[in-house]
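Residue-level listing of the chains:
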Amino acid sequence: ATTVEHFWAVEWDLTGFPPYPSETLPHPSVHLVFDNGKTEVIGVMRGRFTKTLTGCGQAFGIKFRPGGFHAFCKAPLSQLTDRRFNPEKFFGESWHRFAAAMATAKGIDAKAECAVNFLRGENPTPDADALLAQEITHRILTDTTLNKVDTLVGIFPLSKRQLQRLFKVYVGVNPKWVIE
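Residues numbered from 1 in each chain as written. Predicted model: local features only at pLDDT ≥ 70, side-chain atom pairs only at ≥ 80, totals over all residues. Heavy atoms only, no water.

Q: Before we move on, could you go through the overall build of the protein and cite the residues and values that matter?
A: Scanning the protein for helices and strands turns up eight helices and seven strands. For the protein, the C-alpha radius of gyration of 17 Å lies close to 16 Å, the compact-globule estimate for 180 residues. Taking the principal axes of the C-alpha coordinates as reference, the protein spans close to 55 × 40 × 25 Å. Considering the protein as a whole, with its 180 residues, one finds that 42% of them fall into the buried category. (Helix = DSSP H or I, 4+ residues; strand = E, 2+ residues; numbered from the N terminus. Rg over C-alpha atoms; globule rule 2.2 N^0.38 Å. Buried < 20%, exposed > 50% of the residue type's maximum accessible area, 1.4 Å probe, protein only.)

Right, here's the structure in full:
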């Protein structure tokens, strides 16, 4: 509950139609994506995310809460920003069993259940700073009056520099980027 924001799924059949560029706006979240047999961990992307859809296909993703993926990564999430990785880097040998189970899971509900069981089995334990990063990010995303990092410093018990370091480690982008 403290690591995953939600699951998402997309299916398409563009047989006989031209390719379709699907776009999403950036968000301060890491995703674990299963896309037509390819899997990857996608760090926070600071620009618009575009994927050209062709033929038939499907994708299933896990969107982690801002700061939530740190429980699995144990390194500053800024090292993942604008990058993609093989999930084995973060989950080791248990990844192969999970990937195989996901490949045979039929339907979105079955894939979501498989993902929940796997992630719980990895025993993620976010620390207090990860939870603070989540709280601050949530506040930024829901309070439209927050338009300056200095305002956050007045709300949360952190200096500007502490806030920047917290976001570098747990979110992957700086608080100004999230505000903008």
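Picking up after the structure, the text goes on.
Q: If you had to explain helix α3 (residues 94-104) to someone new, which residues and values would you point to?
A: Among the residues making up α3, those that are buried are S94, W95, F98 and M102. In a view along the axis of α3, the buried residues occupy a sector of 95 degrees, so they form one face of it. In α3, the exposed positions that point more than 90 degrees away from the buried face belong to R97, A103 and T104. Structurally, α3 contributes buried residues whose contacts are with β3 (31-35), β4 (38-42), β6 (56-64), α2 (88-91) and α4 (108-121). (Arc of directions from axis to C-beta. Contact = heavy atoms within 4.5 Å.)

Q: Go over the pattern of salt bridges with me, naming the residues and quoting the values.
A: Overall, the coordinates contain eight salt bridges when judged by the stated rule. The salt bridge partner of E40 is K38, with a shortest N-O separation of 3.9 Å. A relative accessible area of 12% places E40 in the buried class. In this structure, a network of salt bridges that share partners links the residues K38, E40 and R84. (Salt bridge = Lys/Arg side-chain N within 4 Å of Asp/Glu carboxyl O.)

Q: Let's hear about the nonpolar core: which residues, and what values?
A: The biggest cluster of nonpolar side chains holds 25 residues, and the ones touching the most others in it are L32, F64, F69, L80, F91 and F98. Secondary-structure elements contributing two or more residues to this core are β3, β6, α1 (70-73), α2, α3 and α4. Apart from residues no more than four positions distant in its own chain, F91 is found in contact with L32, F69, F72, F118, L119 and E122. Core analysis: the next-biggest nonpolar cluster, separate from the first, contains 19 residues, L132, F156, L163 and V173 among them. (Core = buried A, V, L, I, M, F, W, Y, C linked by side-chain atoms within 4.5 Å.)

Q: Explain the sheet that holds β6 residue by residue, including any values.
A: In space, the five strands of this open sheet follow the order β1-β6-β3-β4-β7, with antiparallel pairing throughout. With one partner strand each, in any of the chains shown, β1 (4-13) and β7 (84-85) form the two edges of the open sheet. In terms of strand pairing, β3 meets β4 through five bridges, oriented antiparallel. Along β4, the bridge assignment pairs V33 with E40. Contacting β3, β4 and β6, α3 crosses the sheet at an angle of about 50 degrees to β3. Sitting on the sheet, α4 touches β1 and β6, and the angle it makes with β6 is about 35 degrees. (Pairing = 2+ DSSP bridges. Axes fitted to C-alpha atoms, helices over the stretch in contact; angles between N-to-C directions.)

Q: Explain helix α7 (residues 160-170) to me, using residue names and the numbers behind them.
A: Residues spaced three or four apart along an α-helix face the same direction, because each turn holds 3.6 residues. Taken together, the buried positions of α7 are L163, L166, F167 and Y170. The buried residues of α7 occupy an angular sector of 95 degrees when the element is viewed end-on, so they sit on one face. Of the surrounding secondary structure, the elements contacted by the buried residues of α7 are α1, α5 (128-142), α6 (149-155) and α8 (175-179). A positive backbone phi angle near 105 degrees is found at G172, which sits one or two residues after α7.

Q: Go over unusual backbone geometry with me, naming the residues and quoting the values.
A: Even without a glycine there, the phi angle at N36 is positive, about 50 degrees. Turning to its location among the elements, N36 is positioned in the loop between β3 and β4. Classification of N36 as partly exposed rests on a relative accessible area of 48%. Despite not being glycine, D82 shows a phi value in the positive range, around 60 degrees. Within the secondary structure, D82 sits in the loop between α1 and β7. Looking at D82, the relative accessible area reads 33%, which means it is partly exposed.

Read these as geometric descriptors, not functional statements.
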